Amino acid sequence: MDKFLTLTSTIVPLPIENVDTDQIIPARFLKATSKDGFGDNLFRDWRYDNNNQPIPGFILNDPTYSGSILVAGKNFGSGSSREHAAWAVAGYGFRVVVSSFFADIFKGNSLNNGVLPVVVSESFLAEIFAAVHADPKTTLTVNLEEQTITNNVNGAVETFQINAYKKSCMLNGYDDIDFLLSNKGKIENWERTTSLL
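The residue numbers shown here count from 1 along each chain, following its written sequence. Reporting of local features is limited, given that this is a predicted model, to residues whose pLDDT is at least 70; pairs of side-chain atoms are given and counted only at 80 or more, and all residues count toward the totals for whole chains, interfaces and linings. To get the side-chain values, all heavy atoms of the structure are used, and hydrogens and water are removed first.

### Observations concerning the sheet that holds strand E4 (residues 116–119)
Sheets are built from strands paired through backbone hydrogen bonds, the pairs being either parallel or antiparallel. If you walk across this open sheet you meet the seven strands as E4-E3-E2-E1-E5-E6-E7, and the pairing is mixed. Strand pairing shows two members of the sheet lacking a second neighbour, E4 and strand E7 (156–159), which therefore form its edges. Shown here is a sheet whose adjacent strand axes are inclined to one another by a mean of 30°, direction ignored. Between any two strands, at least two bridges found by DSSP are needed for them to pair. Strands here mean DSSP runs of E at least two residues long; helices mean DSSP runs of H or I at least four residues long; both are numbered from the N terminus. Relative to strand E3 (residues 96–99), strand E2 (residues 69–72) runs parallel, the two sharing three bridges. Angles run from 0 to 180 degrees between N-to-C directions of axes, and those axes are lines fitted to C-alpha atoms, restricted for helices to the stretch in contact.

The following block contains the structure:
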């Protein structure tokens, strides 16, 4: 995975609550075992009609909005535990998803796939939606080391929580295997020490 330190980006607003994993990536796409191509089918049934033509009213089809931060309504990623939902979000190019609440399994899957889920207060979320509605060039800055998110329109800042282990992995660009390999020397030293007991 790529390291995540600080990101400043325009945002894609999705002010819809209770977005479940079947809406993020429909079940018919779950047969694949490779992550390749999942971004093409992110929100597939909202993005395309039955003739595979883009639906003009959907936000990902609106060239006005772009960026590597998705800002979603409350309760994002509920439903089934499919990791493919995180694959689709990452594959589309989002590095951060902001919401006032995430389903726990989706949150974990996102962190395992290099996507940072940032939980903010409902009032802060509403301010972001208002700002991007007024100006699509609105940006947010997410600082993982400091665990802060800043609305660059008004300078408002909130802190967010993240598991310390997953924070370390994201800062270093590690998946779970990379983390173990980075501690190979410590593990070998522990094995040598305990074998002498």
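### Quick word on the pattern of salt bridges
Where side chains of opposite charge bring their charged atoms close, a pairing between them can arise. By definition here, a salt bridge exists when the distance from a side-chain nitrogen of Lys or Arg to a carboxyl oxygen of Asp or Glu is within 4 Å. Counted according to the given criterion, the structure contains three salt bridges. Linking Arg82 and Asp22 is a salt bridge whose minimum nitrogen-to-oxygen distance equals 3.0 Å. Of this pair, Arg82 sits in the loop between E2 and helix H3 (84–92) while Asp22 sits in helix H1 (residues 21–24); the two residues are 60 residues apart in sequence, bridging distant segments of the chain. Under the relative-accessibility criterion, Asp22 is labelled partly exposed at 35%. Of the charged contacts, one joins Arg28 and Asp45 as a salt bridge, the two residues approaching to 2.6 Å between their closest N and O atoms. Residue Arg28 is found in the loop between H1 and helix H2 (44–47), and its partner Asp45 is found in helix H2; the two are separated by 17 residues along the sequence. Summary of the burial criterion: residues with accessible area below 20% of their type's maximum are buried, those above 50% are exposed, and those between are partly exposed, where the area comes from a 1.4 Å probe applied to protein chains only.

### A short note on the environment of Val12
Turning to its location among the elements, Val12 is positioned in strand E1 (residues 6–14). A C-alpha to C-alpha distance of 12 Å links Val12 and Ser99, two positions 87 residues apart in sequence. Any two residues whose heavy atoms approach within 4.5 Å are treated as being in contact. Here Val12 is in contact with Ile59, Leu60, Tyr65, Ser66, Gly67, Ile69, Leu70, Val71 and Phe94, once residues within four sequence places are set aside.

### Quick look at the packing of H3 against helix H4 (residues 104–112)
Two numbers describe how H3 lies on H4: the axes approach to 8 Å, and their chain directions differ by 50°. Between H3 and H4, the interaxial angle falls into the category oblique. At the point where H3 passes H4, the crossing takes the right-handed sense. Contacts between H3 and H4 involve Ala85, Ala86 and Val89 on the former and, on the latter, Phe106, Asn109 and Ser110. Among the residues forming the contact of H3 with H4, the class breakdown is four nonpolar, two polar and no charged. By the definition adopted for this analysis, an angle is roughly parallel if under 35 degrees, roughly antiparallel if over 145, roughly perpendicular if from 65 to 115, and oblique otherwise. For a crossing to be left-handed, the near helix must be turned anticlockwise from the far one by less than a right angle; the clockwise case is right-handed. Amino acids are sorted into nonpolar (Ala, Val, Leu, Ile, Met, Phe, Trp, Tyr, Cys and Pro), charged (Asp, Glu, Lys and Arg) and polar (every other residue, Gly among them).

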